[in-house]
Amino acid sequence: MQSKNPTVEIWADSLSLQPFTKKQWRSHQDESIERVRKSRVRFQVTHKNETALEGATVLIKQTNSGFPFGCGINHNILTNSDYQKWFVSRFKYTTFTNEMKWYSTEKVQGQENYTISDAMLKFTKENDISLRGHNIFWDDPKYQPEWVKSLSPKDLQKAADKRMKSVVSRYKGEVIAWDVVNENVHFHFFEDKLGLNASSVYYSTAYQLDPKTIMFLNEYNTIEYSGDEAASPAHYLQRLVDILSFPGTYGILPAIGLQGHFGSGQPNIAYMRSGLDLLAETKFPIWITEASNDPHPNQAEYFEDILREAYSHRAVEGIIMFSGPAQAGFNKTTLADENFRNTPIGDVVDKLIYEWGTGPQKAIADSSGIVDISLHHGDYDVTVIHPLTNFSKTMKLSVRRGFSQETTIRVKMHA
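Residues numbered from 1 in each chain as written. Predicted model: local features only at pLDDT ≥ 70, side-chain atom pairs only at ≥ 80, totals over all residues. Heavy atoms only, no water.

Asker: I'd like to hear about the environment of Ala177, residue by residue, with values.
Answerer: Relative to the elements of secondary structure, Ala177 occurs in strand 6 (residues 177-182). Along the chain, Ala177 and Ala159 lie 18 residues apart, while their C-alpha atoms are 23 Å from each other. Once residues lying within four places of it in the same chain are set aside, the contact partners of Ala177 are Leu131, Arg132, Gly133, Thr213, Ile214 and Phe216. (Helix = DSSP H or I, 4+ residues; strand = E, 2+ residues; numbered from the N terminus. Contact = heavy atoms within 4.5 Å.)

This is the structure:
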């Protein structure tokens, strides 16, 4: 072990390192998924007189997954019915890849145009899809509206204040989260122009305008690439501390947004896990917000490794992929070809959607009238059928983290 700080001494006592095989790593992920993404549920089925009803059938169907697993969309969704059908059949969470950004809604100074983002919002609402707000500002100088780049500090302040109030007020209550100042660990366009606390001010203002919505610090390479020290987990945490220490942010609902844009090589899953472990110590929600990986002969395998590692981590509360069909221009992490046939990566995603959402289950009550079953967190329709009369009883069941395994759901059959 080495430290770049020559004044630091590192001591290790009784240190032991051993390699993991891929099979062992997957086994650990599966154990973690069973522990943090599922809960055991017990049903007890009885006759009207409360004696056990052996042989009763319990049918369980998930109606809504408890874990947000979604995919970004772009403006092509508005005019492509095949794209719409493909998306709606799979996902209940999304992010607009570009259409809500400042350079999309105010291409000319003073001429705001939310036509496309409003239409996309209408599509998500009609299909019961939850939306992340991406983004209010982007701190990378390259991705400012062209007219913004040459503004004086005074005029930039006025324009940014207007942008903040405009987009947050417009979509308040419509989004489940805001990426407030995108890539604020790597870049500092607003800090250079308006002072060191510029981004902290924007987090405070966004919170005042929309106090019930989660505010993300969204960044890349924090878990993807150990060589990018600027965005290391430690530097990310320090930036988050700086923002939350600023007056006016008390009470804010902070969250950690990790983009998850991986390169074309084999992902460093061990580094990813260590970064997640460190960030998890904050107890703040963590989302993978833009998961993707670049083309490679083993791209599908590598993308599955990334998604499984995120899903199996106790602190990760949602995953959004920046991927999609070729017809919509997703040419790096492509899930469906020009004819909407699955690519190998699309097969992986569909497999995980099925695996992470408990499919229809059928169980038979034992001699004590008991059915024990492990269910992924989510909402369920449950039907219990009498073994002799076919009398049935239906109920709704919500299984979430913290669901008490000591609870027995008692079902009394009256026929």
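Asker: Break down the pairing of strand 10 (residues 286-293) for me, citing the residues and quoting the values.
Answerer: Judged by how many residues are buried, strand 10 sits mostly within the fold: eight of eight residues are covered. Inspection of the sheet shows strand 8 (residues 254-258) paired to strand 10 by three bridges, in the parallel sense. Among the inter-strand pairings, Leu258 is bridged to a residue of strand 10, identified as Ile288. In this sheet, strand 11 (residues 316-321) lies alongside strand 10 in parallel orientation, the contact comprising four bridges. Looking at strand 11, one finds that Ile288 is bridged to Ile319. (Buried < 20%, exposed > 50% of the residue type's maximum accessible area, 1.4 Å probe, protein only. Pairing = 2+ DSSP bridges.)

Asker: Pulling in residues and values, what's your account of the side chain of Ser200?
Answerer: Along the chain, Ser200 falls in helix 7 (residues 198-209). Relative accessible area serves as the criterion here: at 2%, Ser200 is assigned to the buried category. Residue contacts for Ser200: discarding those within four places in its chain leaves Arg239, Asp242, Ile243, Phe246 and Thr249.

Asker: I'd love a proper account of helix 5 (residues 153-171), names of residues and values included.
Answerer: Across its 19 residues, helix 5 extends 27 Å between first and last C-alpha, which sits within 8% of the 27 Å expected from 1.5 Å per residue. The set of residues buried in helix 5 consists of Leu156, Ala159, Ala160, Arg163, Met164, Ser166, Val167, Val168 and Tyr171. Among the residues trailing helix 5, Gly173 stands out with phi positive, at a value near 85°. (Expected span 1.5 Å × (residues − 1).)

Asker: Any chance you could break down empty space enclosed by the protein for me, citing the residues and the numbers?
Answerer: Any space left empty among the atoms is revealed by the rolling of a water-sized probe across them. One pass over the structure, following the stated rule, counts one cavity of 30 Å³ or more. There is about 30 Å³ of room inside the largest cavity. Lining the largest cavity, in full, are Lys101, Trp102, Asn135, Ile136, Phe137, Trp138, Tyr143, Gln144 and Pro145. At four residues, strand 5 (residues 130-138) tops the list of elements feeding residues into the lining of the largest cavity. (1 Å grid on protein atoms, 1.4 Å probe; cavity = no way out; pocket = protein on both sides within 12 Å on 5 of 7 lines; lining within 4 Å. Points joined across faces, edges and corners; volume = space filled by probe spheres on them.)

Asker: Tell me about the sheet that holds strand 15 (residues 370-376), residues and numbers included.
Answerer: Ordered by their spatial adjacency, three strands build an open sheet running 15-1-18, and the pairing between neighbours is mixed. The open sheet is flanked by strand 15 and strand 18 (408-412), the only strands paired with a single partner. Going from strand to strand, the sheet's axes swing by 30° on average, the running direction of each strand aside. As paired strands, strand 1 (residues 38-46) and strand 18 are joined by five bridges and run parallel to one another. Paired with Gln44 across the strands is Arg410, a residue of strand 18. Seen against the sheet, helix 1 (residues 22-36) touches strand 1 and strand 15 and runs at an angle of roughly 50° to strand 1. (Axes fitted to C-alpha atoms, helices over the stretch in contact; angles between N-to-C directions.)

Asker: Residues and numbers for the pairing of strand 5, please.
Answerer: Within strand 5, eight of the nine residues are buried, which leaves the element mostly enclosed by the surrounding structure. Bridge count between strand 5 and strand 6: five bridges; the pairing is parallel. By the bridge assignment for strand 6, His134 is matched with Asp179. As a crossover connection, the stretch from strand 5 through helix 5 into strand 6 is right-handed. (Right-handed = clockwise from strand over helix to strand, strands pointing away.)

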